[in-house]
Amino acid sequence: MTLPRTRVSELLQLDHPVIQGPFGGGLSSLELAAAVSNAGGLGSFGAQHLSPEQLTETIRALRERTDRAFNVNLWVSTHDVPEETFDWDAAVARLRPLYDAAGVAPPERPRPSAYAFDVLAEALIMSRPPVFSFVYGVPDARILDACREAGIVTIGTAVTVDEAVALDEAGVDAIVASGFEAGGHRIAFLRPPGESLIGTLALVPATVDAVQAPVIAAGGIADARQVAAAFALGAEAVQVGTAFLATRQSAASPAHREALSHGPRDTRLTKAFTGRLARALASDFRLADSAPFPYQAMLTRPLVSAHWAGQSAPLVQPDQDAVELLLRLVAV
Ligand SMILES: Cc1cc2nc3c(=O)[nH]c(=O)nc-3n(C[C@H](O)[C@H](O)[C@H](O)COP(=O)(O)O)c2cc1C
């Protein structure tokens, strides 16, 4: 069986209907995104943590590395509590015993701790990447209109059918339907994340039935059997995160890559690392006194490094080249 040409392949001029999922928080790399795009898939760069200037520079660097389509990703919702009202000093004081026990200095408060979505989206649109994907919401019509005018393909992300319908009504070009198997954050935006836990096998066909836009299946997909299954469910492309995170070209640390490739690879959903619910390899790290996103991520950085992973982690091949992975995924 070969994978059919789909609306997603046509829209993005892909040889292979596979998207390398974006990784926020510094885990994306230019090398990985460019390798996947140059090999005929869609490479992505998670830019949620960058400044507007860094975002502009990243898009320039990606354009230099590939003539094919590539995707840049932002988060629509960037703060659970506004910068002005979060009491950083009190949060540091609460965690002081943990910093002392670990023998590390408390982190300095970064200002701003994250840039607002509108500011980053404006910088992104000015640089006109071929594709703009986003999570945690639906951008204003003004932003989506500006993307259409600039010829930027837009991809929204849904974890429930209702979210997919909201994105479809806003007129996005394609929709990622992300099951709860996925690694990283649970990017729910209509209902609390804990009430938005639908598996890929259930979410994808229900989403296909409910929306006009082509659907991209994500969550738990790491080999060709699962790609074939996603297409059987009506998906017109797949988005793969965890398996690409483990490849040689990703920016994951050696310890993270090792943990993904060997040993116990059961995962948990936890708010402990960043203040928002996210899936990582199981660990003992707990914080009762958790701060909201994005502050928790900064407060815990000196103490712990999350080994993000989805439920497909046991299927991940150690030390694989990203292009080899792409070709294995489509060898159905
Ligand atoms: C470490 C990590 C960071 C991620 N960051 C983002 C992000 O910033 N934006 C986004 O749209 N998706 C993000 N994702 C989701 C992936 O792009 C992809 O949709 C997901 O990993 C697919 O599920 P899988 O991990 O089961 O393959 C992240 C995933 C991981 C593992």
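Residues numbered from 1 in each chain as written. Predicted model: local features only at pLDDT ≥ 70, side-chain atom pairs only at ≥ 80, totals over all residues. Heavy atoms only, no water.

Going by the annotation in an unreviewed UniProt entry, the name recorded for the protein chain is Propionate 3-nitronate monooxygenase, with Solirubrobacter ginsenosidimutans given as the source organism. Its UniProt record gives the protein chain a comment under Catalytic activity (unreviewed entry), which states: "3 propionate 3-nitronate + 3 O2 + H2O = 3 3-oxopropanoate + 2 nitrate + nitrite + H2O2 + 3 H(+)". Under the Sequence similarities (unreviewed entry) heading, UniProt states for the protein chain: "Belongs to the nitronate monooxygenase family. NMO class I subfamily." (UniProt positions renumbered as here; feature names shortened; annotations may be inferred.)

Chemist: Residue-level account of the packing of aromatic side chains, with values.
Modeler: Counted under the stated rule, the structure contains 7 aromatic pairs. Ring geometry for F132 and F134: centres 5.1 Å apart, planes at 65 degrees, overall edge-to-face. By the burial criterion, F132 is buried, and F134 matches it. For the ring pair F273 and F285, a centre distance of 5.6 Å and an interplane angle of 15 degrees mean the geometry is stacked. Here the residue F273 occupies a position in the loop between β10 (267–270) and β11 (278–281), and F285 occupies one in the loop between β11 and α12 (295–300), the gap between them amounting to 12 residues. Since its relative accessible area comes to 7%, F273 is described here as buried. Ring pairing ties together the aromatic residues W75, Y136 and F293, which thus form one cluster. Lying over the aromatic face of Y136, R276 brings its terminal NZ or CZ to 4.3 Å of the ring centre. When the ring centre of F180 is taken as reference, the NZ or CZ atom of R279 above it lies at 5.8 Å. (Phe/Tyr/Trp six-rings, centres within 6.5 Å; stacked < 30°, edge-to-face > 60°. Buried < 20%, exposed > 50% of the residue type's maximum accessible area, 1.4 Å probe, protein only. Helix = DSSP H or I, 4+ residues; strand = E, 2+ residues; numbered from the N terminus. Lys NZ or Arg CZ within 6 Å of the ring centre and 35° of its normal.)

Chemist: Before we move on, could you go through the pairing of strand β4 (residues 131–135) and cite the residues and values that matter?
Modeler: Consecutive side chains of a regular strand alternate in pointing toward one face of the sheet and then the other. β4 sits mainly inside the fold: 5 of its 5 residues count as buried. What joins β4 to strand β5 (residues 153–158) is helix α6 (residues 141–150), and the crossover it makes is right-handed. (Right-handed = clockwise from strand over helix to strand, strands pointing away.)

Chemist: Could you give an account of unusual backbone geometry, with specific residues and numbers?
Modeler: Here the amide bond leading from R111 into P112 is cis, since omega sits at -10 degrees, within 30 degrees of zero. Inspection of the secondary structure puts P112 in the loop between α4 (88–102) and α5 (117–127). Here the phi dihedral of Q13 falls at roughly 55 degrees; this positive angle occurs in a residue that is not glycine. When you line up the elements, Q13 lands in the loop between α1 (7–12) and β1 (18–20). The backbone of R128 sits at a positive phi, close to 45 degrees, despite the residue not being glycine. One can find R128 in the loop between α5 and β4. Judged by its relative accessible area of 47%, R128 is partly exposed.

Chemist: An account of the side chain of H185 is requested, with residue identities and associated values reported.
Modeler: When you line up the elements, H185 lands in strand β7 (residues 184–185). Residue H185 is classed as buried on the basis of its relative accessible area, which comes to 15%. Not counting the four nearest positions on each side in its chain, H185 is found in contact with W75, Y136, T274, R276, L277, A278, F293 and W308. (Contact = heavy atoms within 4.5 Å.)

Chemist: Please set out the sheet that holds β4 residue by residue, giving values where relevant.
Modeler: Spatially, the 8 strands line up as an open sheet ordered β1-β9-β8-β6-β5-β4-β3-β2, and their pairing is parallel. In this open sheet, the two edge strands, each paired with only one partner strand, are β1 and β2 (43–46). Direction aside, the axes of adjacent strands within the sheet are offset by 25 degrees on average. In the packing of α5 onto the sheet, contacts are made with β3 (70–75) and β4, and the angle to β3 comes to roughly 160 degrees. Sitting on the sheet, helix α8 (residues 200–210) is in contact with β5, β6 (174–178) and β8 (215–218), with an inclination near 175 degrees to β8. (Pairing = 2+ DSSP bridges. Axes fitted to C-alpha atoms, helices over the stretch in contact; angles between N-to-C directions.)

Chemist: Summarise the site of the ligand; cite the residues concerned and give the values.
Modeler: Around the ligand there are 21 residues in total, and P22, N73, G220, G241 and T242 lie nearest to it. At a separation of 2.8 Å, an oxygen atom of the ligand approaches a polar backbone atom of P22. Take G241: an N or O atom from its main chain is 2.8 Å from an oxygen atom of the ligand. Protein chains bury 94% of the 600 Å² of accessible surface belonging to the ligand in isolation. Of all elements in the fold, only β3, β9 (237–240) and α10 (242–245) reach the threshold of two or more residues within the shell around the ligand. Taken together, the residues that form the shell around the ligand break down as 10 nonpolar, 10 polar and 1 charged. (Near = heavy atom within 4 Å. Polar contact = N/O pair within 3.5 Å; in protein donor to acceptor, adjacent residues only side chain to side chain. Areas by Shrake-Rupley, 256 points an atom, 1.4 Å probe, with all protein chains shown as cover. Nonpolar A, V, L, I, M, F, W, Y, C, P; charged D, E, K, R; others polar.)

Chemist: Explain empty space enclosed by the protein to me, and be specific about the residues and the numbers.
Modeler: Under the definition given, this model contains 1 cavity of 30 Å³ or more. What the largest cavity holds in volume is close to 40 Å³. Tallied by class, residues from the lining of the largest cavity come to 4 nonpolar, 2 polar and no charged. (1 Å grid on protein atoms, 1.4 Å probe; cavity = no way out; pocket = protein on both sides within 12 Å on 5 of 7 lines; lining within 4 Å. Points joined across faces, edges and corners; volume = space filled by probe spheres on them.)

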